[in-house]
Amino acid sequence: MHKKRPLKGQLLFMNMASLLKVPLILSSAIMLQISLTPPHVPPSKEIIHQTFNEWVFTRTIKYGFPVLKAIYWAVSLAEIATIASHAIDSLSVIQAITQYAVGHRILDTPITFPFILGTALAITGGVIRWWCYRTLGRFFTFQLSVRQGHSIVTTGPYAVIRHPSYTAAFIHLTGMLILHGSPTSWLRRSGILDVPGLKLVVVAWLAQMSVVMINIVCRISQEDEALKSAFRDEWERWAKVVRYRLVPGVY
């Protein structure tokens, strides 16, 4: 029996639905760009003496984050190009090129619940990170530092938990893992991973993000100790009011 081909109206609806993914894909990429871009860089005299964990994290900021952002943008733009090539006939040349390079047609994937959930978490994490940047102002640095004129900030997200930017990072990473790692994701269903070397790139990206998360977990206590040492009574008063580090009522 022959399979029924979708009607033109059905194809148009499917293409329009896929196009709705484009602003969501761009939003998650923009939020990653914000999350991994230092808003301020302190002078060396304001940076606290580095532990081994801090040494690793500092080099990850300098060398790893630009690579992580570049890979994520490449994947995001590749998915957008695939959507566009399926929706717009004049861009079908993109399909021909990718089919020649990969050996088969790169598929588009519909909007699914994991896509919506992952995007929502990625955007939420990025927005909270941006909120932390705005609240701390020039005091927010990726390097562990105490800046000239520094004081304990107890407003905004810092009135709820002591390390909201790290909570936001975990939310953001969880969203990205769902968005791109779920069985129905474009990265896993489209066939793009058959491009030679791309699986290795994705594994390297995941490994680097795992290192970042481990750095953050180790860094939380170091940051508390640094602030406690610098501000003593002021930090103690804040810590009594804001008891939890990452999750209100839990930790």
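Rules used in this analysis
Residues numbered from 1 in each chain as written. Predicted model: local features only at pLDDT ≥ 70, side-chain atom pairs only at ≥ 80, totals over all residues. Heavy atoms only, no water. Helix = DSSP H or I, 4+ residues; strand = E, 2+ residues; numbered from the N terminus. Buried < 20%, exposed > 50% of the residue type's maximum accessible area, 1.4 Å probe, protein only. Areas by Shrake-Rupley, 256 points an atom, 1.4 Å probe, with all protein chains shown as cover. 1 Å grid on protein atoms, 1.4 Å probe; cavity = no way out; pocket = protein on both sides within 12 Å on 5 of 7 lines; lining within 4 Å. Points joined across faces, edges and corners; volume = space filled by probe spheres on them. Nonpolar A, V, L, I, M, F, W, Y, C, P; charged D, E, K, R; others polar. Phe/Tyr/Trp six-rings, centres within 6.5 Å; stacked < 30°, edge-to-face > 60°. Lys NZ or Arg CZ within 6 Å of the ring centre and 35° of its normal.

(A) Quick peek at the overall build of the chain. The helix and strand inventory of the chain stands at nine helices and zero strands. N-terminal to C-terminal, the α/β element order of the chain is α-α-α-α-α-α-α-α-α. The buried share of the chain, taken over its 251 residues, is 41%. Summing over all exposed atoms, the chain offers an accessible surface of approximately 14100 Å²; the carbon and sulfur share of this is 67%.

(B) Local environment of the layout of surface pockets. In this structure, the second largest pocket spans a volume of roughly 240 Å³. As for the second largest pocket, its lining consists of I71, Y72, V75, M176, L177, H180, G181, L187, R188, V202, W205 and L206. For the lining of the second largest pocket, the elements supplying multiple residues, two or more each, are α3 (52-87), α6 (164-181), α7 (186-189) and α8 (198-231). Ranked by residue count, the leading element in the lining of the second largest pocket is α6, at four residues. When grouped by side-chain class, the residues that make up the lining of the second largest pocket number nine nonpolar, two polar and one charged.

(C) A look at the environment of N215. Looking at the element boundaries, N215 is found in helix α8. With relative accessibility at 4%, the residue N215 sits in the buried group.

(D) Seen up close, the packing of aromatic side chains. With the rule as written, the count across this model stands at seven aromatic pairs. An aromatic cluster of three or more residues is present, and its members are F57, F65, Y133, F140 and F142. Across from the ring centre of F115, 5.1 Å away, lies the NZ or CZ of K21, which sits over that ring.

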